[in-house]
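So the chains spell out like this:
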Amino acid sequence: MDLLKALENRELTQVGDDLHRFAADLYPICRSITGDGVRRTLSEIRKLIPLQTTEVPTGTRIFDWTVPKEWNIREAYIKDSAGNRVVDFQQTNLHVISYSTPVHATMPLSELKPHLFTLPDHPNWIPYRTSYYEENWGFCLSHDQLLVLEDGDYEVCIDSTLEDGHLTYGECYLPGQSTDEVLISCHSCHPSLANDNLSGITVATALAQLLAPSDLRYSYRFLFIPGTIGAIAWLARNADEAKRIRHGLVLTCLGDRGEFHYKKSRRGDAEIDRAAAHVLHHCSKSSEILEFSPYGYDERQYCSPGFNLPVGCLMRSVWGSFPEYHTSADDLNFIQPGQLAESLRVCTAVVDVLENNCHYCNQNPYCEPQLGRRNLYRSIGGAAVPEEISARLWVLNLSDGQHSLLDIAERSGLPFGTIRDAADLLREGGLLSLTAGFELLDRNQIRP
Amino acid sequence: MDLLKALENRELTQVGDDLHRFAADLYPICRSITGDGVRRTLSEIRKLIPLQTTEVPTGTRIFDWTVPKEWNIREAYIKDSAGNRVVDFQQTNLHVISYSTPVHATMPLSELKPHLFTLPDHPNWIPYRTSYYEENWGFCLSHDQLLVLEDGDYEVCIDSTLEDGHLTYGECYLPGQSTDEVLISCHSCHPSLANDNLSGITVATALAQLLAPSDLRYSYRFLFIPGTIGAIAWLARNADEAKRIRHGLVLTCLGDRGEFHYKKSRRGDAEIDRAAAHVLHHCSKSSEILEFSPYGYDERQYCSPGFNLPVGCLMRSVWGSFPEYHTSADDLNFIQPGQLAESLRVCTAVVDVLENNCHYCNQNPYCEPQLGRRNLYRSIGGAAVPEEISARLWVLNLSDGQHSLLDIAERSGLPFGTIRDAADLLREGGLLSLTAGFELLDRNQIRP
Amino acid sequence: MDLLKALENRELTQVGDDLHRFAADLYPICRSITGDGVRRTLSEIRKLIPLQTTEVPTGTRIFDWTVPKEWNIREAYIKDSAGNRVVDFQQTNLHVISYSTPVHATMPLSELKPHLFTLPDHPNWIPYRTSYYEENWGFCLSHDQLLVLEDGDYEVCIDSTLEDGHLTYGECYLPGQSTDEVLISCHSCHPSLANDNLSGITVATALAQLLAPSDLRYSYRFLFIPGTIGAIAWLARNADEAKRIRHGLVLTCLGDRGEFHYKKSRRGDAEIDRAAAHVLHHCSKSSEILEFSPYGYDERQYCSPGFNLPVGCLMRSVWGSFPEYHTSADDLNFIQPGQLAESLRVCTAVVDVLENNCHYCNQNPYCEPQLGRRNLYRSIGGAAVPEEISARLWVLNLSDGQHSLLDIAERSGLPFGTIRDAADLLREGGLLSLTAGFELLDRNQIRP
């Protein structure tokens, strides 16, 4: 089954517009690591894909951590002495530090100022700040806003609650022929920030939509979870499922105009690492492969030494490397439909490699088979003709049961799709058979 | 035994002239994958080296292939309406497409033209074409010739036969101390084309002449075979012999002025791959090592997955990369005596490495032996003195039974010959002994 | 235990001055591979560190070698016909070829000249020459001195003895928690040559002084031995001790202004090789790692195939690569206090890696532990704060019992000291435990 062709059958502009529209729907919601913002986000996703929601009570021990109190917020503002709202949560949820404790008081500017945060280098932008594990309150605003505040008393209101409740995460499980799993994970705890990480949420959702109707070799598990604490919660509650993860991707920052970056898993040579590197090498103009490091997104947890799962992280621009990161400038204009669509295409191509990366045995291993009398010098139009013939010779030469199609693609320098097409053709021609243990890969038994 | 010294004892100019003269003798013969042209070629080779000829009947199944009909040709021409031979096989056998079926007819130019092939980009050159597995007839001519053909009727004659017969190949077997074999293979199916592959045939013949009188560690098998179908025929009929092949070289395109190219075996790290790379690094001004690919010459068959033999391919210019390839411009001027002689020297140096690549044990492994009192700081004139001393220290240091002389040459950066000379001297001095299992390598037991 | 901090507690200028002063004390002594010059040198060293002296009698068989006669010299000169000492051993001991046999005769210049050696390219410098294994006598002088010698008779006197006696070497053994040994070896057979090798002797002595009061994981053995014959003698007499050597360094040419060079052991990937490369990468502006070769200093013997010990060689400039090498220009001005001190610092840093290179197990291997509630985001001031945090995350991530701290330093790109500090902090916090088999490394059980 050629997942990429399924994607390419759709108008790519339309795909990008759909992705961006969904991001726009989710943008205004005030998400945090707990609370109703997460629940609303998950219910929007559930309109598109099957999603199971889990609620983990405050206080639950999850490895070295404890599920925190649930945070919700209704309203927040700063009023000047004339009663004007000079900062207003209704304008953007970034104005309030996430997990701010409730406050309602009047105070002079001098007392208020330690609770105000700005970005002097980008005076128009509002920073994004959190205070999850230290109880505190505060406002974020543009530096320009701060400069015009005059001395005097201000009414400060944050109508929030920080109480026992739940941590909520969403899970979309697509069963395949095997119980072996592919994990796709994205964090869903950021408020109005588009690239980080509505782009990851929308691409993951669209990928799940694309895979849902397919007969798949692997089972797929999509996680929409609050960063760090959510991954820890899921891993703590799903020891058996975690053992079944064969490959995984963390998706984030997939809407900006930067080139692609793939950060390898801790293992460094896992099949997902090679598949992602191969796809980026052939699919994109330029891209960069990064070595694993123990900082970043939830790969930190999946790749902790007790799990050491083969999970990498796919991004366009790397978190922290672009000035818009964690500011109000990471908005819906910062992510573009075409870029989101291209990210979905790359994710799909990676999944396509995983799904089709089987081992074949050449049924005529002694000398080359005579391709001419089998009409196997013909083009099937998947690639330039010399490349098609070359791919067939490579597949025949290396199909000794020891080389996967990805091995062959890497050694030949040809794109995986060209190698896979060659293998399909040779197999139809009776020249290849799947090696034992890979029956699941028999794509002829899969409904088209 | 130092094969290179045997070669260098002869005047190199003389060696080159002999090679070129032999190529000139073979040049006019109209070879194809079967037929009397091959037989005549083999009988010329048999004048120089012991050669056994094998005839495989048409219709014989050889793996996935069938031995084709035998093709022979006596005469061919195109006459214009005035009776002038405007194209004449007597001028060059390239004029007729190899395996052309017989034809004798008169037809207008318009009807003839689909059977005429030229090279518009090289209007003076005649292309080389074949039609082995599709019955057809045709002529190749220069584009200039084509342009002056006037409309009118032409008498076309190809006096050929395509009938049940035999596929013929030649084999020169030189028994050595071991039944382990070194394979030297070249294709002998091309008509008047000098670089591809009279150069390979002549260098292989001269190498066999050079090795025949020597006491050799390995047995050597030289194959003069039609490309593809000949290699397949030999492999199909010699399963046991194939299992004894420890190293192998396909020789082709060895007469042009290009730098050397060695294409690695499918294994990529076979001893022949390392030996050839080492020799080219030290023997030639510049050279290139190519990774294996499943297209090219008969290494395709030797390296098919069922055999996976350690057989590489030595060339100067790579087939298809020079404009003269498969045209009349690949003639006797395109190959030069000096270039052929240098190719023979490189082949000999590679064989010299294989023959002498043994493992020694230092008999004084604890600290250095005292070289001074054994007069082992003296020069024997094989290399610059500091290099000679350095080679002796390297051989002593790494001769722990685990490192072959080629290992030592590679690690020290010194030429194999310098390392081998050092080992010979140290062994004479009682400081080295051959490791068990390498008795065959005892060159002292070999007659000089 | 942080050896570097112990070193850095001292004024580095003072350290360098002490090193240079000790070199100056040893400089005038006429050392050779045997004789009283060696004994006087060892007795100077014994004033600073515990040193055991061994006397091996002339004629003792040591592997392939025999301990030579002992050489001593009292006086030597050349007097012209007017009775002027034109060459005088009292001026510099380089004037006499080491191991010169006694001579007292009067001869014309023409007869004397074959016994005179100069450096025409450096007319002010006196060469250093030896004739250990061939009985001979001769003088070294500057080319300028030679040029002014007029024809006529000269009185030649070398008041030396070459008689049965002993070969003397010194050994400083510092017992640690383990009987596993670290070898530090330097040659002590050169007369008035400063870089080669008073620099090695003084740095080794200072390193022993630094280590002596410390509780050490390994035992340390410092050898002060005549080059080649001394190393062979020690190895021949200490088979059991040699088997306990886990890491080793030959120290030489450590006082000049050149960049550092580390020559790897024959193994090439020994822990000492990686430790030295790591330290040089992080400790010095620029440095070079050299592959092993079987020429150089006593690593030749330690790395002979029968021993194959993990012993490398640390130098600044490489022997033979600087013009002052083996001439009177390798004097006390050629080595500088700051350079000697920096060399001691590098040696100490390498030992610090060996002492602290343990394997830990993360006690919270499933997901990251919560650093915040343990106050583990705090700085301890060992490095820049982000680097400190990064080091902690790396140590937690890779401490699976398979990765040593050096492995973690290499993979993270962080200096070993930063990684070690992080491990110490995490261990105090209960997040790490030493893997079984590394109890010796428990630095908490070591007195400060």
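For the structure, see preceding data.
Report follows, based on the coordinates. (Residues numbered from 1 in each chain as written. Chains lettered and ligands numbered in written order. Predicted model: local features only at pLDDT ≥ 70, side-chain atom pairs only at ≥ 80, totals over all residues. Heavy atoms only, no water.)

The operation relating chain C to chain B is a screw motion whose rotation component is 120 degrees, with 0.0 Å of axial translation and a residual RMSD of 0.1 Å. Taken together, the rotation angle and the small translation identify this as a three-fold axis. Closest approach to the rotation axis within chain C is made by the C-alpha atom of Asp269(C), at a distance of 12 Å. (Least-squares fit on C-alpha atoms with pLDDT ≥ 70 in both.)

At the interface, 20 residues of chain C touch 19 residues of chain B. With both sides pooled, the region where chain C packs onto chain B buries about 1,700 Å², and carbon together with sulfur makes up 50% of that total. It is Asp64(C), Arg266(C) and Pro294(C) that lose the most area in chain C upon contact with chain B, and together they represent 35% of the buried surface on that side. Taken together, the connections running from chain C to chain B amount to four salt bridges. One salt bridge connects Arg300(C) with Glu368(B), and the closest N-O pair in it is separated by 2.5 Å. Counting every contact that joins chain C to chain B gives 15 residue pairs in polar contact (both at pLDDT 80 or more). Elements supplying a minimum of two residues to the side of chain C that touches chain B: helix 7 (229-237) and helix 10 (299-302) of chain C. Among the residues making up the side of chain C that touches chain B, the classes are represented as eleven nonpolar, five polar and four charged. (Contact = heavy atoms within 4.5 Å. Buried area = accessible area lost by both parts, 1.4 Å probe. Salt bridge = Lys/Arg side-chain N within 4 Å of Asp/Glu carboxyl O. Polar contact = N/O pair within 3.5 Å; in protein donor to acceptor, adjacent residues only side chain to side chain. Helix = DSSP H or I, 4+ residues; strand = E, 2+ residues; numbered from the N terminus. Nonpolar A, V, L, I, M, F, W, Y, C, P; charged D, E, K, R; others polar.)

This brings us to the sheet that holds strand 19 (residues 432-434) of chain A. Residues and elements named next belong to chain A. Taking strand neighbours across the sheet as the criterion, the three strands line up as 18-17-19 in an open arrangement whose pairing is antiparallel. Bordering the open sheet on either side are strand 18 (400-404) and strand 19, each of which pairs with just one other strand. For this sheet, the mean inter-axis angle between neighbouring strands, taken without regard to orientation, is 40 degrees. Bridge analysis of strand 17 (residues 359-362) against strand 18 gives two bridges, and the strand direction is antiparallel. Bridge pairing in strand 18 links Cys-361 to Asp-400. Helix 13 (residues 405-412) contacts strand 17 and strand 18 of the sheet and is inclined by roughly 70 degrees relative to strand 18. (Pairing = 2+ DSSP bridges. Axes fitted to C-alpha atoms, helices over the stretch in contact; angles between N-to-C directions.)

It is worth spelling out the interface of chain A and chain B at this point. Counting residues at the interface gives 19 residues for chain A and 20 residues for chain B. For the pair chain A and chain B, the summed buried area comes to about 1,700 Å², and 50% of that belongs to carbon and sulfur atoms. The largest contributions to the chain A side of the interface with chain B come from Cys367(A), Glu368(A) and Asn397(A), which together make up 37% of the buried area. Across the chain A-chain B interface, the total number found is four salt bridges. Of all the secondary-structure elements, those providing two or more residues to the side of chain A that touches chain B are helix 12 (385-398) and strand 18 of chain A. A total of six residues in the side of chain A that touches chain B trace back to one element, the largest contributor, which is helix 12 of chain A. Split by residue class, the side of chain A that touches chain B holds eight nonpolar, six polar and five charged.

This part is about helix 11 (residues 337-356) of chain B. Between the first and last C-alpha of helix 11 of chain B there are 28 Å, a value that for 20 residues agrees with the 28 Å anticipated at 1.5 Å per step. Of all 20 residues that make up helix 11 of chain B, 19 are buried, and the element is covered over most of its length. (Expected span 1.5 Å × (residues − 1). Buried < 20%, exposed > 50% of the residue type's maximum accessible area, 1.4 Å probe, protein only.)

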